[in-house]
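Listed below, chain by chain, are the residues.
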Amino acid sequence: MRKPLQLAVAFIVLASAFVLAGTADPGNETHKKSTSDSTVNVQSPPPGETLVVYYFHGNRRCATCRKLEAYSFEALNNDFKSALADSAILWRVVNFETDSNEHFVKDYGLFTQSLILSRVVDGKEVEWKNLDQIWKLVGDKEQYLTYVTSETRNFLTQSSR
Amino acid sequence: MDSWLLAIGSAVWLGVLTSVSPCPLATNVVAITYLGRRVDRPRHVVISGLLYTLGRTVTYVLLGILIISGLLAIPELSLFLQENINKVLGPALLLIGLILLGVIPVRISGPGLGESFQKRMEKLGFWGAAVMGIAFALSFCPVSAALFFGSLIPLSLERESSLLMPSLYGIGTAIPVVIFAIAIGLGAGFVGKMFNALTAFERWARRITGVAAAASGVYLTLIYWFAVQLW
């Protein structure tokens, strides 16, 4: 019975030592440019009704996370190009781990990289939806694109009712 | 009944999906080499695999209970685990790898602690697998966080099952690793016997475990402490 205890103690001691010792914070943006880093700033949408599509990520960008972002933008760009061009749809890539964006974690209950549709009327958010199937579909690009497109279309349709 | 079968299948599948996704690859490689390293003792490999599965399963059940009972909130817990456990795991794996390789000779003095730490660690075998299961289950990455917190927990809530669904998910996460470990361990053992070199095979398997642990430790340390983007 001593052996498991010893291993557990060794692991906990090691773990504690590293946690206590370290203050190094990797909280900077990643080294690679994302598909649309130019849109990282979360500026206010124009007056009237706008659909803001947020892709939220943390400080570390895994390969799958980058796919989520790229596929999401591709879906919008394929099917809503004119809406993107005239700002009826705004594409925003946001790091929720930076101080100024931390509120999004609470606002949308974020617990990992997420794609959120947000309806904004005259600068005020009136409705939002988390496209929570993206992680299940990221392995199949066609399905992923179809999912994002149809959810976005549904969201837009609901608003025009 | 059908919907329960579907839910059971979904929970296991979510676990398998978590395990085969790219981000837990580093820890999976360590687990496979660790579990499969006793090529001279097939029974040891199988029991270690079961205990690794148990460690993962118990961890997910506990997390499920804490979340479903409302004691912990998903966003805070998920982000805390993603940030901190991997930060601990990287240096810990590096250290363990170096000890297994004998690069760092550690001796613990005291009553009844005459053996070298390295030898003691090797002997820990079974229970090390369970502890590894717990630690690796806690080391969430974006994919596993999305599948566990975003898919498994809602499924558990829908089925009012804080035990069964997380257990099945835990088993699912362990299945690919354990199958690989058993296949590699038994395969290497068979080849070792054929060439009458089981001891040499066992020694090499242990070294490979050390290298895998150290390499994964370096990889996780670079990512979680120094924010190095490797891909």
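The coordinates are above.
One structure accompanies this document, and this report is about it. (Residues numbered from 1 in each chain as written. Chains lettered and ligands numbered in written order. Predicted model: local features only at pLDDT ≥ 70, side-chain atom pairs only at ≥ 80, totals over all residues.)

## A closer look at the overall build of chain B
The number of helices and strands found in chain B is eight helices and zero strands. Overall, chain B shows an N-to-C arrangement of helices and strands of α-α-α-α-α-α-α-α. Each of the three principal axes of chain B carries a C-alpha extent, and together these read 55 × 45 × 40 Å. Looking at chain B as a whole, 48% of its 231 residues qualify as buried. (Helix = DSSP H or I, 4+ residues; strand = E, 2+ residues; numbered from the N terminus. Buried ≥ 20, exposed ≤ 12 C-beta atoms within 10 Å, placed from the backbone.)

## Description of the sheet that holds strand 1 (residues 49-57) of chain A
All names here are of chain A. The strand order across the open sheet formed by four strands is 2-1-3-4, and the pairing between neighbours is mixed. In this open sheet, the two edge strands, each paired with only one partner strand, are strand 2 (89-95) and strand 4 (124-130). When the angles between neighbouring strand axes are averaged without regard to direction, this sheet yields 25 degrees. Direction of pairing for strand 1 relative to strand 2: parallel, over a ladder of seven bridges. Bridging from a neighbouring strand, V53 pairs with W91 of strand 2. (Pairing = 2+ DSSP bridges. Axes fitted to C-alpha atoms, helices over the stretch in contact; angles between N-to-C directions.)

## Focus: unusual backbone geometry
Residues and elements named next belong to chain A. Unlike most non-glycine residues, D122 shows phi in positive territory, near 50 degrees. With respect to the secondary-structure elements, D122 resides in the loop between strand 3 (114-121) and strand 4. The exposure class assigned to D122 is exposed, which follows from the 11 C-beta atoms found within 10 Å.

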